[in-house]
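This is what each chain is made of:
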Amino acid sequence: MAPAVDVETPVDPVQGLKTKAKQVDRSIFPDGLKTTGQHPPLYDKIYPYSAFPKRIEGPTEWKAEDYANNPERWVHQFSEDELAEISKATDRFIELGLPLTGINKDNFQLPGLEPSLTTMRRELLNGKGFILYKGFPVHEWGIHKSAIAYMGLGSYLGYPVSQNGHGHILGHVKDLGEDSTQIDKVRIYRTNARQFFHADDCDIVGLLCIAKAEFGGESDVASIHNVWNILQEERPDVAELLTKPIWYFDRKGEVSQGEDPYIRAAVFYLETPDPANPEREQRVYCKWDPYFVRSLTRFSDKGIIPPLSPEQEEAIKLLEATCERVKLHMILDIGDIQFVANTHTLHARTAYRDFGPDSGKPRRHLLRLWLSVPQDEGGWRLPFWDSDEKKRGGIQVDDTPPVARLDAD
């Protein structure tokens, strides 16, 4: 006889989410993996400010002057042999006739490049958190082959996750003429406006430059551990405020059925303990985007959530100003690929202007990847229920299938 169901036993909500994550319809998600999407943190895993380090040292804490005049430490020019191997793997993938959404290391093999990509992945996750590759032959290969090659490279760093409610795992950073002042509706990457310092909802973000703007659109990266040290020295009250789960982040309508349209969270977190090594360092992790914090007046004006306090407004400005003080500036040329870690760096983009319609030149266009790295494969131990899921993070709306289109829509 089957055991009776105990209707009084409470269901563990985290275990319920993990179980649901494994129930994937392969007709929608061919690789059997679904982006877990945006979720609130596990509030009982958030540490108080008193547990945070007063100062952070090591390779994740760096200053712009460490790299500004030493490009050999963060810029890699693809060699002819490397490009030949990538080209061969891309042509083989095309011959297989597989959908781009199913690309992975098994069907995009790079035996020669894999050791260096493994080293670079480790540097992204546990070191300075950024690298710039140069010389991807996008004009020679065209958009289709370039996209396959780029996604194939990305598969050695992490799992591609959906970047929006449409399921885009290959994103397009391009000005589509949308109104950047409508921040409760518009994602800024679809405009030419400045993007303030932020982190994306993934572990690693990649950008491949297909076409440049006439002016602007340049990139900045800041070590959040350097920023943390400055805040601790100059404004510990602001540092403390940023560790409290009192910040509301907008989801801009990209919400699955039954989910809240915003998330209450902190900005700075500590990693959770390592079960296999309790003595291991718990690093400071940052999750931030001011556009998603400032766009919630439609809720705060109605008293549904509290408005930003004067102290929070000051903290937002100070965090941005501190990142500006310590930023490393870089310009992406056509064929450049930038990879940046979202765990311990923040990145920004200057406003830009495209070439005029009569110039005959294309609009600025970058292909974007959001890549996840679960904690059991070297990713950070995050205080979220999906920390050990392969496609943690990203943006997933219900069962919207993953797509990899070759232009913005």
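Up top is the structure.
Residues numbered from 1 in each chain as written. Predicted model: local features only at pLDDT ≥ 70, side-chain atom pairs only at ≥ 80, totals over all residues. Heavy atoms only, no water.

Description of the packing of aromatic side chains
- Going through the model one piece at a time under the given rule, you end up with 19 aromatic pairs.
- Between tyrosine 67 and phenylalanine 130, the ring centres sit 5.4 Å apart and the planes meet at 80°, which makes this aromatic pair edge-to-face. Note that tyrosine 67 is positioned in the loop between α1 (13–22) and β1 (75–77) and phenylalanine 130 in strand β2 (residues 130–134), a separation of 63 residues in sequence. Neither tyrosine 67 nor phenylalanine 130 differs from the other in exposure class; each is buried.
- Pairing tyrosine 133 with phenylalanine 339 gives two aromatic rings, centres 6.3 Å apart and planes at 85°, and the pair type is edge-to-face. Residue tyrosine 133 is found in strand β2, and its partner phenylalanine 339 is found in strand β14 (residues 337–341); the two are separated by 206 residues along the sequence. (Phe/Tyr/Trp six-rings, centres within 6.5 Å; stacked < 30°, edge-to-face > 60°. Helix = DSSP H or I, 4+ residues; strand = E, 2+ residues; numbered from the N terminus. Buried < 20%, exposed > 50% of the residue type's maximum accessible area, 1.4 Å probe, protein only.)

Concerning the nonpolar core
- In terms of nonpolar packing, the biggest core is built from 45 residues, with Leu242, Trp247, Phe249, Val267, Phe268, Trp288 and Leu346 touching the most fellow members.
- Once residues lying within four places of it in the same chain are set aside, the contact partners of tryptophan 288 are Phe197, His198, Ala199, Trp247, Phe249, Val267, Val293, Ile316, Leu319 and Leu346.
- With 39 residues, the next largest nonpolar core counts Leu117, Tyr150, Leu157 and Ile204 among its residues. (Core = buried A, V, L, I, M, F, W, Y, C linked by side-chain atoms within 4.5 Å. Contact = heavy atoms within 4.5 Å.)

A look at unusual backbone geometry
- Of note in the backbone geometry, lysine 252 takes a positive phi value of approximately 50° without being a glycine.
- Position of lysine 252 relative to the elements: it lies in the loop between β9 (247–250) and β10 (262–265).
- The backbone of aspartate 398 shows a phi angle near 50°, a positive value even though the residue is not glycine.
- By the element assignment, aspartate 398 lies in the segment after β17 (365–372).

Some remarks on the sheet that holds strand β8 (residues 219–223)
- Here we have four strands laid out as an open sheet, ordered β5-β15-β8-β13, and antiparallel in their pairing. Sheet topology places β5 (195–198) and β13 (328–330) at the edges, where each strand pairs with a single neighbour. Along the sheet, successive strands turn relative to each other by an average axial angle of 15°, direction set aside. (Pairing = 2+ DSSP bridges. Axes fitted to C-alpha atoms, helices over the stretch in contact; angles between N-to-C directions.)

Looking at the state of the cysteines
- All told, the structure shown has zero disulfides when counted by the stated rule.
- Cysteine 323 takes part in no disulfide bond, and the closest cysteine sulfur, belonging to cysteine 286, lies 7.6 Å away. (Disulfide = S-S within 2.5 Å.)

Observations regarding helix α3 (residues 114–126)
- In a regular helix each residue adds 1.5 Å, so 13 residues correspond to 18 Å; α3 covers 18 Å between its end C-alpha atoms and thus fits that length.
- When we look at burial in α3, the residues that qualify are Leu117, Met120, Arg121, Leu124 and Leu125. Looking down the long axis of α3, one finds its buried residues gathered within 130° of arc, a one-sided arrangement.
- On the buried face of α3, the contacting elements are β2, α4 (138–154), β6 (204–211) and β14. (Expected span 1.5 Å × (residues − 1). Arc of directions from axis to C-beta.)

Some details on the packing of helix α5 (residues 224–234) against helix α9 (residues 310–326)
- Relative orientation of the contacting elements α5 and α9 amounts to 120°, with a least axis distance of 10 Å. It follows from the interaxial angle that α5 and α9 lie oblique. The two elements α5 and α9 cross, and the hand of that crossing is right-handed. Where α5 approaches α9, its residues Ile224, Asn226, Val227, Ile230, Leu231 and Glu234 are matched on the opposing element by Leu318, Leu319, Thr322, Cys323, Arg325 and Val326.
- Its residues assigned to classes, the contact of α5 with α9 shows eight nonpolar, two polar and two charged. (Parallel < 35°, antiparallel > 145°, perpendicular 65-115°, else oblique. Left-handed = near helix turned anticlockwise from the far one by under 90°. Nonpolar A, V, L, I, M, F, W, Y, C, P; charged D, E, K, R; others polar.)

Considerations on α9
- In this model α9 runs 25 Å from its N-terminal to its C-terminal C-alpha over 17 residues, within 8% of the 24 Å that 1.5 Å per residue would give.
- Listing the buried residues of α9 in full gives Gln312, Ala315, Ile316, Leu319, Glu320, Thr322, Cys323 and Val326. For α9, the angular spread of buried residues about the axis comes to 160°, placing them on one side. Exposed and facing more than 90 degrees away from the buried side of α9 are Pro310, Lys317 and Arg325.

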